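Reading the structure
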Amino acid sequence: MRGINKMNKYEIVSLVLLGSMVLFTGCGEKQVKSDYIRVGVCAGPYGDMFKEAIQPSLEEKGYEVEIVEFSDYVQPNNALAEEEIDVNMFQHSVYLKKFCEEHSLELSDITEIPTAAMGVFSSSYGTFEEAEGSLTVAIPNDDTNLSRALRVLEQTGVITINPNIDASKATVNDILENPKNLSFTEVSAEILPSVLDSIDFAVINGNYALSAGLDLSEAVHNEELAEGYYNVIAVRNEDVEAQFAKDIVSIVHSDAFRKVIEDENNQYVAFARPTEYNK
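Since the structure is predicted, the reported quantities are computational estimates derived from the model, not experimental observations. (Residues numbered from 1 in each chain as written. Predicted model: local features only at pLDDT ≥ 70, side-chain atom pairs only at ≥ 80, totals over all residues. Heavy atoms only, no water.)

Per the stated rule, a full pass over the model turns up 9 aromatic pairs. Both rings, one in Tyr125 and one in Phe201, keep their centres 5.6 Å apart while their planes meet at 20°; by these two values the pair is stacked. One end of the pair, Tyr125, is in the loop between β5 (119–121) and β6 (136–140); the other, Phe201, is in strand β10 (residues 201–204), with 76 residues separating them in the sequence. What makes Tyr125 partly exposed here is its relative accessible area of 23%. Relative accessible area serves as the criterion here: at 0%, Phe201 is assigned to the buried category. Note on Phe128 and Phe201: the rings are 4.1 Å apart at their centroids and 25° apart in plane angle, and the pair reads as stacked. In this pair, Phe128 is assigned in the loop between β5 and β6 and Phe201 in strand β10, connecting sequence segments 73 residues apart. The class for Phe128 is buried, based on a relative accessible area of 3%. Of the aromatic side chains, those joined through ring pairs into one cluster are Tyr73, Phe90, Tyr95, Phe99 and Tyr208. Positioned above the aromatic ring of Tyr277 is the side chain of Arg273, whose terminal nitrogen or guanidinium carbon lies 5.4 Å from the ring centre. (Phe/Tyr/Trp six-rings, centres within 6.5 Å; stacked < 30°, edge-to-face > 60°. Helix = DSSP H or I, 4+ residues; strand = E, 2+ residues; numbered from the N terminus. Buried < 20%, exposed > 50% of the residue type's maximum accessible area, 1.4 Å probe, protein only. Lys NZ or Arg CZ within 6 Å of the ring centre and 35° of its normal.)

The next subject is unusual backbone geometry. At Ser104, a residue that is not glycine, the phi angle is positive and equals roughly 55°. Mapped onto the elements of the fold, Ser104 is located in the loop between α4 (93–103) and β4 (107–112). Positive phi, normally seen in glycine, also occurs at Asn181, with a value near 55°. Looking at Asn181, the relative accessible area reads 61%, which means it is exposed.

Once that is clear, we can look at the sheet that holds β5. Strand order in the open sheet made by the 5 strands is β9-β6-β10-β5-β11, with mixed pairing throughout. Strands with a single pairing partner mark the edges of an open sheet, and in this sheet they are β9 (183–187) and β11 (221–222). In the sheet, β5 pairs with β10 via 3 bridges, with the strands oriented antiparallel. If you follow Val120 over to β10, its bridge partner there is Val203. Against the sheet, helix α5 (residues 143–156) engages β5, β6, β9, β10 and β11, with an angle of about 135° to β6. (Pairing = 2+ DSSP bridges. Contact = heavy atoms within 4.5 Å. Axes fitted to C-alpha atoms, helices over the stretch in contact; angles between N-to-C directions.)

To continue, consider the sheet that holds strand β3 (residues 87–92). Strand order in the open sheet made by the 5 strands is β2-β1-β3-β12-β4, with mixed pairing throughout. The sheet is open, and its two borders are formed by β2 (64–70) and β4, each paired with just one other strand. The average angle at which neighbouring strand axes cross in this sheet is 30°, direction not considered. Across 5 bridges, β4 lies against strand β12 (residues 231–236) in antiparallel orientation. Along β12, the bridge assignment pairs Ser108 with Val235. Along the sheet face, helix α7 (residues 243–252) touches β1 (36–42), β3, β4 and β12 and points at about 25° away from the line of β4.

Let us look at the environment of Tyr125. C-alpha separation for the pair Tyr125 and Phe201, spaced 76 residues apart in sequence, amounts to 8.1 Å. Discounting residues that sit within four places of it in the chain, Tyr125 has contacts with Glu130, Ala131, Glu132, Leu135, Asp200, Phe201 and Val220.

This paragraph deals with the packing of α4 against α5. Closest axis-to-axis distance for the α4/α5 pair is 9 Å, and the angle between their directions is 145°. As for the relative orientation of α4 and α5, their crossing is right-handed in sense. In contact with Val94, Tyr95, Lys98 and Glu102 of α4, α5 contributes Asp143, Thr144 and Asn145. (Left-handed = near helix turned anticlockwise from the far one by under 90°.)

When we look at burial in α7, the residues that qualify are Phe244, Ala245, Asp247, Ile248, Ile251 and Val252. Along the long axis of α7, the arc covered by the buried residues comes to 160°, so they all point the same way. Turning to α7, the residues buried within the fold contact β1, α2 (45–60), β3, β4, β12 and α8 (255–261). (Arc of directions from axis to C-beta.)

Going through the model one piece at a time under the given rule, you end up with 8 salt bridges. The salt bridge involving Asp86 is made with Arg236; its shortest N-O contact spans 3.7 Å. Of this pair, Asp86 sits in the loop between α3 (75–81) and β3 while Arg236 sits in strand β12, and the two are 150 residues apart along the sequence. The buried category is assigned to Asp86, whose relative accessible area is 11%. (Salt bridge = Lys/Arg side-chain N within 4 Å of Asp/Glu carboxyl O.)

Structural measurements only, silent on function.
See the structure below:
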């Protein structure tokens, strides 16, 4: 009887050890498996786009997806670089490149996506032509979107930017002609919709405009998107060739993705399409 008990004791110890080894091994595998993806987005249409047009196809491929929301344009890239997330989708490639240069980050975009253009909005006027007097225009205060906003205003004809400078680095000091004597107020991009009632015009990123309930079709002017200003999906440089990155790219170029984007009942139907959209 004691022998049997002794044997059972050894068996129990062995089973416990074996179980611990299996558990430990399982944890180790989980750390290196690439089927769990943390995606950084800013609240608004691009987070919605990932959830509605990309996540379902990823899950069909066997991935588990966690969406992590950020409130500004700084945190998602830092979080990606620090491996707190695996991919982000919120910015255009010009911003990504400039941010990486300024912060010494090694991040790359893997594909462009349909993008809500920047818009000029007003609570008081339907056009610049009907606006008179001392006019104030609110623009983003980060360098990349500030210069972009000025180029959008130049598209309307209300200002002219010095043609001898790099337009992607333009500031209000580079405005050559300003016949309406517009004055500019620089504020954080995410709060631009909230200042509409206190200024005459605001140049607002499409995602923040939509998040605030603004209708892009009611903008005084919608941006004519240039190359480099379509939003992108970004990963760390080391993951550009990772399987999850390749799968995301293939999904973005799939019929399933296009079906969501082109559904007339969805907010994306009016988004500008990048050149590679139909490839």
